[in-house]
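Each chain is listed here by its residues.
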Amino acid sequence: MMLGTEATLELFGKVGREPGMKGYNALVEICIAKARGTDDEDIVIEEMGKVFHLFKSMREQGLQPEEQTYRPLLLYIIDMRMVEEFQFFCHVIKDGNPNSTTRLGYYEMLLWLRVNNEEKIQDLCNYIAENDGEDTSDLRESYLLALCESERKEEILELLEIVDITKLSSVEKIFQALGRLLLEPVAEKFLLDFRTSDHEADNITNFIASYAVSIPNLLVEDAIEKFKDLHQNLEVTPSSSSYEKLILHSCALLKPHVALDIVDEMCEAGLTLSTEVLHSILQTCDEASEYNLVHRIFSTIRRYNLESNDETFRCMKDLFLKMKDLEGAYKMLDELEEINLKPTAGMYNAIMAECFREKNISDGVKVLEHMQCADIKPDSQTFCYLINSSETEEDIVKYYEELKQSGIKATKQIFMALINAYAACGQLEKAKQVVLDPLIPAKSLNQIKSVLVSVLASHGQLSEALLIYEEIKQAGHHLEPKDVMSLIEHTHSDGELDTLLLLLEELNDSNYWNDACCRIILYCIWNNHLSSAIDLCELLKEKYQNDELVMEVLFDKVFSLIEESDSNHLQTCLELLSEIKDKLGLLPSKKCYDSLLSARANATNLYNAE
């Protein structure tokens, strides 16, 4: 979809295929996203025209536009209050799908509500009030749902007088609106209607939950009390799904304690909790910084034998680690077998990674001992972490030997870890020898060499790094973007500009390219290559087509560093500033001038500052 709408359709045509329903839906979304993202009326008209042709193409292919197809379009048109365009596209949609008339009524009511056309709103309400046939029952529901979303209290009450709510398919949305509008007597009346009509109890309890959690400015504890009172009055038993609505409501209000109280209550009633809702509670504990609740959650899982999976324990492990509670994490893993689960190497690896990230090397190494005690075999990732965090050459060798003896296949990440670990220990020669290891898969060799290039550059061995870079190019491969950046970052001496420009050409990642371009501009300033710096600024301008954005990027990456430069570099920077104003028409921001003034003041050159 990165090709754009016309190019994508053209591509499908060349291969003798049509996009299909999902493809058309995606293309319509792309057009609407472009229309929403611009204030240019011509672009909006162009994108709307594309959507029209997409609908036409669908019709020619025998496809009927579904609601998923036209919903983004109509919502955009309604947001922009385009009445004529709405009527035009409704006609197009009906031509392509005659069965869409009823559903389009929902969007029509939304339109008149959006433009505050009270006459049209009343006309639609009068129409369905005066026409009580089977053919208008679905249209009534469409109008009613639109009114509920817009919280039009008077019209909602009028329609509810003539609509049999027990026959509607979107009852929960109506109860949500009744909650938002504080229409408790109406809600109680309809709930009683459902109860006396022998409606399914599971549906009634869901309606109660939808109503209770929608009441505005109500404490979660009060919403729960309302939920219980209505169930008691109607003599209905809560279901798992209605309890889960309360739990998710508590999570939305960052009340994980309350959510867990509800879990206890529903489990005591013999109901089950879905894994998805359990994960929502864990996520809320994280967002609310209530990490200590993980102890209670794990206890609850064990007590009620709640369904869980690897993701559940990954989330719990993260909470233990955020409390720096390694023992709690280990205890949880040790007790997994009591609920018929077995800890994995990945779970222990995550603990190890966190220890090493916190520079807690001793505890990181001890993870391996815990794995052995639990009879969990380490995997390749385990040894990656151990090698990467080794503080001595002896440890590096030891862990690599253990890896080979265990029969685990050495991945490219292992060899990358070896290079980084040897370099961190000051053993650059050993780092270079890693690429000679016969166990390296041939397909991974150039990626591993790419890491070596970065390591050598960062340790001052730029000439050797460039030699290996040439080897990689001659083999028909490219450096990874981050490794290209490492070469650029560590190239400071004069005479390397051509190499830097070639490296810039190799970068096809936009974020890396921006950073690289600005770093090379800095290099040009340091080495007085003014014309090249101007050329690079022009490249930035061509890329962004936005003067303010270019200057923002230049300031963040270039001018903000000038304060630390010496006076020679400052002079070049002043000349660059003058040139990009005169030749490129770029207007420097106040921040650029502030940096230069501060730098000049530091250099005690008050004449130039003036």
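Residues numbered from 1 in each chain as written. Predicted model: local features only at pLDDT ≥ 70, side-chain atom pairs only at ≥ 80, totals over all residues. Heavy atoms only, no water.

Peer 1: How should I be thinking about unusual backbone geometry in this particular structure?
Peer 2: Among all residues save glycine, negative phi is the norm, and among peptide bonds the norm is trans. Its identity is not glycine, yet Glu235 carries a phi of approximately 55°, on the positive side. Take Glu235: it is sitting in the loop between helix 13 (220-234) and helix 14 (240-252). With a phi angle near 60°, Asp375 is a residue other than glycine that sits in the positive phi range. Topologically, Asp375 is positioned in the loop between helix 21 (361-373) and helix 22 (380-388). Of the residues examined, Asp375 reaches a relative accessible area of 61% and is grouped as exposed. (Helix = DSSP H or I, 4+ residues; strand = E, 2+ residues; numbered from the N terminus. Buried < 20%, exposed > 50% of the residue type's maximum accessible area, 1.4 Å probe, protein only.)

Peer 1: Just to check I follow, could you spell out helix 30 (residues 510-526) for this structure?
Peer 2: Each α-helix turn comprises 3.6 residues. Residues three or four places apart therefore point the same way. Between the first and last C-alpha of helix 30 there are 24 Å, a value that for 17 residues agrees with the 24 Å anticipated at 1.5 Å per step. Buried residues dominate helix 30, accounting for 12 of its 17 residues. Considered for burial, the residues of helix 30 that qualify are Trp513, Asn514, Asp515, Ala516, Cys517, Cys518, Ile520, Ile521, Leu522, Tyr523, Cys524 and Ile525. Asn528 sits one or two positions beyond helix 30 and adopts a positive phi of about 60°. (Expected span 1.5 Å × (residues − 1).)

Peer 1: Sorry if this is basic, but what is going on with the environment of Trp112 here?
Peer 2: Relative to the elements of secondary structure, Trp112 occurs in helix 6 (residues 101-114). For Trp112, a relative accessible area of 6% puts it in the buried group. When the C-alpha positions of Trp112 and Ile78 are compared, they lie 8.7 Å apart, and in sequence the two are 34 residues distant. Those residues in contact with Trp112 that lie beyond four places of it in its chain are Val83, Gln87, Asn117, Lys120, Ile121 and Leu124. (Contact = heavy atoms within 4.5 Å.)

Peer 1: What exactly am I supposed to notice about the packing of aromatic side chains here?
Peer 2: Between two aromatic rings, the relevant description is the distance of the centres plus the angle of the planes. All told, the structure shown has 11 aromatic pairs when counted by the stated rule. Centre to centre, the rings of Tyr106 and Tyr107 are 4.9 Å apart; their planes meet at 80°, and the pair counts as edge-to-face. Residues Tyr106 and Tyr107 agree in their burial class; the two are buried. Plain terms: the ring middles of Phe175 and Phe194 are 6.3 Å apart, the flat faces sit at 45° to each other, and that makes the pair tilted. Of this pair, Phe175 sits in helix 10 (residues 171-180) while Phe194 sits in helix 11 (residues 184-196), placing them 19 residues apart in sequence. (Phe/Tyr/Trp six-rings, centres within 6.5 Å; stacked < 30°, edge-to-face > 60°.)

Peer 1: I'm lost on the nonpolar core in this one. Help?
Peer 2: Side chains of nonpolar character tend, in soluble globular proteins, to be buried together. Residues Phe175, Leu178, Ile247 and Leu487 are the most contacted members of the largest nonpolar core, which totals 189 residues. Setting aside its immediate chain neighbours within four residues, Phe175 contacts Ile165, Ala187, Phe190, Leu191, Phe194, Phe207, Ser210 and Tyr211. (Core = buried A, V, L, I, M, F, W, Y, C linked by side-chain atoms within 4.5 Å.)

Peer 1: What exactly am I supposed to notice about a negative patch on the surface here?
Peer 2: A cluster of acidic side chains, namely Asp39, Asp40, Glu41 and Asp42, defines a negative patch on the protein surface. Inspection of the secondary structure puts Glu41 in helix 3 (residues 41-61). (Patch = residues over 30% accessible without salt bridge, like charges linked within 9 Å, V, L, I, M, F, W, Y side chains within 5 Å. Areas by Shrake-Rupley, 256 points an atom, 1.4 Å probe, with all protein chains shown as cover. Salt bridge = Lys/Arg side-chain N within 4 Å of Asp/Glu carboxyl O. Lys, Arg positive; Asp, Glu negative; His and termini not counted. Charge placed at Lys NZ, Arg CZ, Asp CG, Glu CD.)

Peer 1: Before we go on, may I ask you to explain the pattern of salt bridges in this structure?
Peer 2: It is possible for side chains bearing opposite charge to pair when their charged atoms get close. In the structure shown here, the tally under the stated rule is 32 salt bridges. A salt bridge links Lys228 to Glu265; the nearest nitrogen and oxygen atoms lie 3.2 Å apart. Residue Lys228 is found in helix 13, and its partner Glu265 is found in helix 15 (residues 256-268); the two are separated by 37 residues along the sequence. With a closest N to O distance of 2.7 Å, Glu335 and Arg302 form a salt bridge. You can see Glu335 sitting in the loop between helix 19 (326-334) and helix 20 (345-357) and its partner Arg302 sitting in helix 17 (residues 293-304), a full 33 residues away along the chain. For Arg302, a relative accessible area of 32% corresponds to the partly exposed category. Connected via shared salt-bridge partners are Asp261, Asp264, Arg296 and Arg303.

Peer 1: How do you make sense of the confidence of the model for the chain when you look at a structure like this?
Peer 2: Low pLDDT marks stretches whose predicted atomic positions should not be read closely. Of all residues in the chain, 88% attain a pLDDT of 70 or more, and the chain-wide mean is 87. Overall, residues 606-610 carries pLDDT values under 50, and its contacts beyond four positions in sequence, including any with other chains, amount to 4 contacts. (pLDDT = per-residue confidence, 0-100.)

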